[in-house]
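Fold and contact review
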There are 2 protein chains.
Amino acid sequence: MKLTKKITLPESEMPRQWYNILADMPNAPQPLLNPKTRQPLKPEEMEPLFAKELVAQEFSKERFIDIPDEVLTLLKIYRPTPLVRASGLEKALDTPAKIYFKNESVSPVGSHKLNSAIPQAYYNAKQGIKHITTETGAGQWGSALSIACQHFGLDLNVFMVKNSYNLKPYRKIVMRTYGGQVHASPSNVTKFGRDILAKDPDCQGSLGIAISEAVEMALETPNCRYTLGSVLNHVLLHQTIIGLEAEKQLELTGDYPDKVIACFGGGSNFSGISFPFLRHNLKDGKKTRFMAAEPAACPKLTKGKMEYDFGDTAGMTPLIPMYTLGHDFQPAQIHAAGLRYHGGGQIVSQLKQDGLIESYTVEQKDALNAGLLFSRCEGIIPAPESTHAIALAVQEALKAKEAGKEEVILFNLSGHGLLDLATYEMLLDGKL
Amino acid sequence: MKLTKKITLPESEMPRQWYNILADMPNAPQPLLNPKTRQPLKPEEMEPLFAKELVAQEFSKERFIDIPDEVLTLLKIYRPTPLVRASGLEKALDTPAKIYFKNESVSPVGSHKLNSAIPQAYYNAKQGIKHITTETGAGQWGSALSIACQHFGLDLNVFMVKNSYNLKPYRKIVMRTYGGQVHASPSNVTKFGRDILAKDPDCQGSLGIAISEAVEMALETPNCRYTLGSVLNHVLLHQTIIGLEAEKQLELTGDYPDKVIACFGGGSNFSGISFPFLRHNLKDGKKTRFMAAEPAACPKLTKGKMEYDFGDTAGMTPLIPMYTLGHDFQPAQIHAAGLRYHGGGQIVSQLKQDGLIESYTVEQKDALNAGLLFSRCEGIIPAPESTHAIALAVQEALKAKEAGKEEVILFNLSGHGLLDLATYEMLLDGKL
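Treat the numbers as computed from the prediction; the structure is a model and nothing was measured. (Residues numbered from 1 in each chain as written. Chains lettered and ligands numbered in written order. Predicted model: local features only at pLDDT ≥ 70, side-chain atom pairs only at ≥ 80, totals over all residues. Heavy atoms only, no water.)

1. Brief notes about the overall build of chain A
Broken down by element type, chain A carries 17 helices and 15 strands. Rg of the C-alpha trace for chain A: 20 Å, near the compact-globule value of 22 Å for 432 residues, within the 12% margin. Residues counted as buried form 66% of the 432 residues belonging to chain A. In chain A, the share of contacts with a sequence separation of at least 24, taken over all contacts with a separation of at least 6, comes to 76%. When the accessible surface of chain A is summed, it comes to about 14,500 Å², and 49% of that surface belongs to carbon and sulfur atoms. Positive and negative side-chain charges in chain A, numbering 46 and 47 respectively, have mean positions lying 2 Å apart. (Helix = DSSP H or I, 4+ residues; strand = E, 2+ residues; numbered from the N terminus. Rg over C-alpha atoms; globule rule 2.2 N^0.38 Å. Buried < 20%, exposed > 50% of the residue type's maximum accessible area, 1.4 Å probe, protein only. Contact = heavy atoms within 4.5 Å. Areas by Shrake-Rupley, 256 points an atom, 1.4 Å probe, with all protein chains shown as cover. Lys, Arg positive; Asp, Glu negative; His and termini not counted. Charge placed at Lys NZ, Arg CZ, Asp CG, Glu CD.)

In structure tokens, the structure reads:
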């Protein structure tokens, strides 16, 4: 096989269905619970908060779910994304491992988040919803949802974790340019935000707080629904297009991954690249390892407890069975703001408990140094979140070198870091 | 023909030669002159400053010049770039015109500049050169050259116009991340810079000054050459890959452009998209119009004089026959820093004089408002430079609507604006 740098999939080969791993899991996850009754949550109880079809996907056990034509047309603006042989990185590491990455940074908003923002906006618009709320950590999800809502004529309010709002000023301009309204969270716009500010005016916020605010506004605004960019089953479902494309692209090379690696915040990009390959472990006897790269500052899968917990700080969401650090956990102000979520979600947590996926922690500085190496070898400056995956991939490639083993490593480049350059400046100036 | 949003060219169809318009011009441009003797400049006089093969390309009359394999391999990291039917913009304008844009913003550095940075670094490395200098306005060229030099193991010093250095702090971090050394120009690193600072410590710099500094350093450093990201014939040559690809992609749609539009700074992206189509005007009787969009603050083609002038402020370069505002012209501090150059280059100026291309001026605010509209319709936030092309394309599409005329407009999206978001924030806040 000739060494190819970029493996392009023709548009005609783009997947037309998402893959739902719920159909194939050996142990079904425990159900979400209504926090008041502690009874399994019914779909109709979620419908005041989420669009109907998204709720249906949340509970679906169908193995494959059709991607609507209108969604497919918009996804084709940037998909299929390239699979790239990281030959520059391989050379720098002098490793016998073959390293591939799926380049989700080519989306016009710079990350994989658009993969779910488009269908979420679509299903809400189709139902006649006019207003949307959401939260965002690093701003990747908020940016993606802003342009998706703009496309479908939906009004959007984004609650952005205050720490990120201040650290990543360019992100909020992206959202505003795309027509989104952005509030630093905790904000004065919701009762929950005002209560927090009354107690702690300097509170820097968290994803959990921002979710509480967005949920409150969605429930109190007529014709409004809430959306989430990770954690939930329907979000992971939409993201499987990453792995489904990667599977077809790897077929073109003749390789199959021994290890699949992605950073882990709420699970959206990790699940997206992993589940289509994990299916073959479950059904076809493949032995691929699936490795989540968590920040050492927020190690929910690696060091959290498997238990029922809330998805938000205020305790407004259903109870979710998940690996969690506690819904009031306040992670350190690391630069990978998109990984600062306390819990792992229903599906991923069950897979972890069943030993079907693994998790590892990465220190911030190691992650960013791996990102710097990658940018010089491959020409793309990665998002701080994605650098965690790169660091773990580098570590595995070096292990392969020690062992003299030619293995195939696939990682997901979830986004670029062009709006996180202040972080790289601190690294270059020795201030991290 | 089915409406297709993105027209992808298979990698196997990528052009393997650049197109040299010098072979087909009805009137050859006047020669460059040695400023001391005022005699036509000989290739060997340029070789202390530029790599030999680049000098050969500068003087070549060959119609097609082979792209070296090593260059092609690197270009394939992001090429062929997509041609996109701007159906969102068409809908917003309710125009019968078909609008296409070539999306050069997908390059990992965010602009078309990498198309010439890769071959320039390649030819220098091949010759055994170790050190490179250059200047950069908006930072797009400096970013592209930084990663290209990193790839070929070349050391790079970039002189960045001080106004941009301060207005666009993220750009210098990109260059540093890729391993380039960046100096705010005028700097203390060169005699010319020190002289200017002695007279005017607050001087905000210009491309002309930055070129003088880079040339001085190149001439005084052993085993060092200078590089330029626009204006010169060999740069325009490298950029023709844009138009050559677009030509093949339009063939797939059955359309042919009535108007080709690009922003104009020194001519690199304008020439890149125009020349391959202009060839068919010159040889095959096509009647396409080629429209350069200049900033009203720096209208060299529209309001400059055709005469011999220096390429830099200090008067260190050869004399160039070109439309110029004067080599000491200090344009206003507009946000499209990449368009703040005083002259039009040898080839483009001759074409303009012969009536084969046209130029138009665009006011900054009109340009950026067109950019805002585009970002909401097409999902991509354009570079301030590129918004000039968008504004002219919008204007022409609205004229077509008035005339009820179905015409085909092709413009070049030279880069994205993710590192220019402060400009968009000023626009959104009504501060422009």
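2. A short note on the environment of A:E47
Residues and elements named next belong to chain A. Following the sequence through the fold, E47 ends up in the loop between α1 (43–46) and α2 (52–59). Placed 179 residues apart in sequence, E47 and Y226 show a C-alpha to C-alpha distance of 10.0 Å. Look past the residues within four positions of E47 in its chain and what remains in contact with it is K52, V55 and R225.

3. Structural notes on the interface of chain A and chain B
Listed by partner, the interface residues are 35 residues for chain A and 35 residues for chain B. Each partner contributes to the roughly 3,400 Å² buried at the junction of chain A and chain B, and carbon and sulfur atoms together form 61% of this total. Inspection of the region where chain A meets chain B yields four salt bridges. In this structure, A:R176 and B:D429 form a salt bridge, with 2.7 Å as the shortest nitrogen-oxygen distance. There are 12 residue pairs in polar contact (both at pLDDT 80 or more) connecting chain A and chain B. Broken down by secondary-structure element, the contributors of at least two residues to the side of chain A that touches chain B are α6 (140–152), α8 (169–177), α15 (364–378) and α17 (421–428) of chain A. Per element, the largest residue contribution to the side of chain A that touches chain B is six residues, and it comes from α8(A). Taken together, the residues of the side of chain A that touches chain B break down into 18 nonpolar, seven polar and 10 charged. (Buried area = accessible area lost by both parts, 1.4 Å probe. Salt bridge = Lys/Arg side-chain N within 4 Å of Asp/Glu carboxyl O. Polar contact = N/O pair within 3.5 Å; in protein donor to acceptor, adjacent residues only side chain to side chain. Nonpolar A, V, L, I, M, F, W, Y, C, P; charged D, E, K, R; others polar.)

4. Thoughts on the side chain of A:D312
Residue and element names in this part refer to chain A. Tracing the chain through its elements places D312 in the loop between β12 (305–310) and β13 (319–324). For D312, which is buried and forms no salt bridge, the nearest opposite charge comes from K36, at a distance of 12 Å. Within the structure, the side chain of D312 is placed 2.6 Å from the side chain of S212, a separation counted as a polar contact. Side-chain polar atoms of D312 contact the backbone nitrogen of M316, separated by 3.0 Å.

5. Considering the packing of aromatic side chains
Under the criterion given, the structure shown has 19 aromatic pairs over all chains. A centroid spacing of 5.2 Å and a plane angle of 65° characterise the contact between A:Y122 and A:Y123, whose relative ring orientation is edge-to-face. For the residue pair A:Y122 and A:Y123, the accessibility class agrees, reading buried in each case. Judged by centre distance (5.6 Å) and plane angle (25°), the ring pair of B:F101 and B:F411 falls under stacked. Taken together, the residues B:F101 in strand β5 (residues 98–103) and B:F411 in strand β15 (residues 408–413) connect sequence positions 310 residues apart. (Phe/Tyr/Trp six-rings, centres within 6.5 Å; stacked < 30°, edge-to-face > 60°.)

6. Thoughts on the packing of α8(A) against helix α17 (residues 421–428) of chain B
Between two packed helices, both the angle of their axes relative to each other and the distance between the axes serve to describe the pair. Direction vectors running N to C along α8(A) and α17(B) enclose 50°, while the axes themselves pass 9 Å from each other. Considering the angle they form, α8(A) stands oblique to α17(B). Taken as a pair, α8(A) and α17(B) cross one another with a handedness that is left-handed. Mapping the contact onto sequence places A:Y170, A:K172, A:I173, A:V174, A:R176 and A:T177 in α8(A) and B:L421, B:A422, B:Y424, B:E425 and B:L428 in α17(B). A breakdown of the residues in the contact of α8(A) with α17(B) according to their chemical character gives seven nonpolar, one polar and three charged. (Axes fitted to C-alpha atoms, helices over the stretch in contact; angles between N-to-C directions. Parallel < 35°, antiparallel > 145°, perpendicular 65-115°, else oblique. Left-handed = near helix turned anticlockwise from the far one by under 90°.)

7. Remarks on the relation of the copies chain A and chain B
To go from the first copy of the chain to the second, apply a rotation about an axis and then a shift along the same axis. When chain A is fitted to chain B, the residual RMSD is 0.0 Å, and the transformation amounts to a turn of 180° plus an axial shift of 0.0 Å. This pairing of chains is accounted for by a two-fold axis. Most of the interface of chain A is mirrored in chain B, where 100% of its interface residues are also at the interface. (Least-squares fit on C-alpha atoms with pLDDT ≥ 70 in both.)

8. As for the pairing of strand β8 (residues 181–185) of chain B
Regular strands place their side chains on alternate faces of the sheet. All names here are of chain B. For β8, the buried fraction is high: four of the five residues fall into the buried class. Inspection of the sheet shows strand β7 (residues 155–161) paired to β8 by five bridges, in the parallel sense. If you follow M160 over to β8, its bridge partner there is A184. (Pairing = 2+ DSSP bridges.)

9. Section: the nonpolar core
Counting 94 residues, the largest nonpolar core has A:L421 and B:L421 as its most contacted members. With residues near it in sequence (within four places) discarded, B:L421 still touches A:Y170, A:I173, A:V174, A:L419 and B:I381. B:L89, B:A293, B:A367 and B:I380 belong to the second-largest nonpolar core, a separate cluster that totals 31 residues. (Core = buried A, V, L, I, M, F, W, Y, C linked by side-chain atoms within 4.5 Å.)

10. Looking at the sheet that holds strand β5 (residues 98–103) of chain A
Residues and elements named next belong to chain A. The sheet built from seven strands is open, its strands ordered β1-β4-β5-β15-β10-β11-β14 with mixed pairing. Each of the sheet's edge strands pairs with one partner strand only, and the pair in question is β1 (6–7) and β14 (358–362). Examined bridge by bridge, β1 and strand β4 (residues 83–85) share two bridges and lie antiparallel to one another. Looking at β4, one finds that K6 is bridged to V84. Strands in contact with helix α16 (residues 384–403) are β5, β10 (259–263), β11 (289–295), β14 and β15 (408–413); relative to β10, the strand with the most contacts, it is inclined by about 150°.

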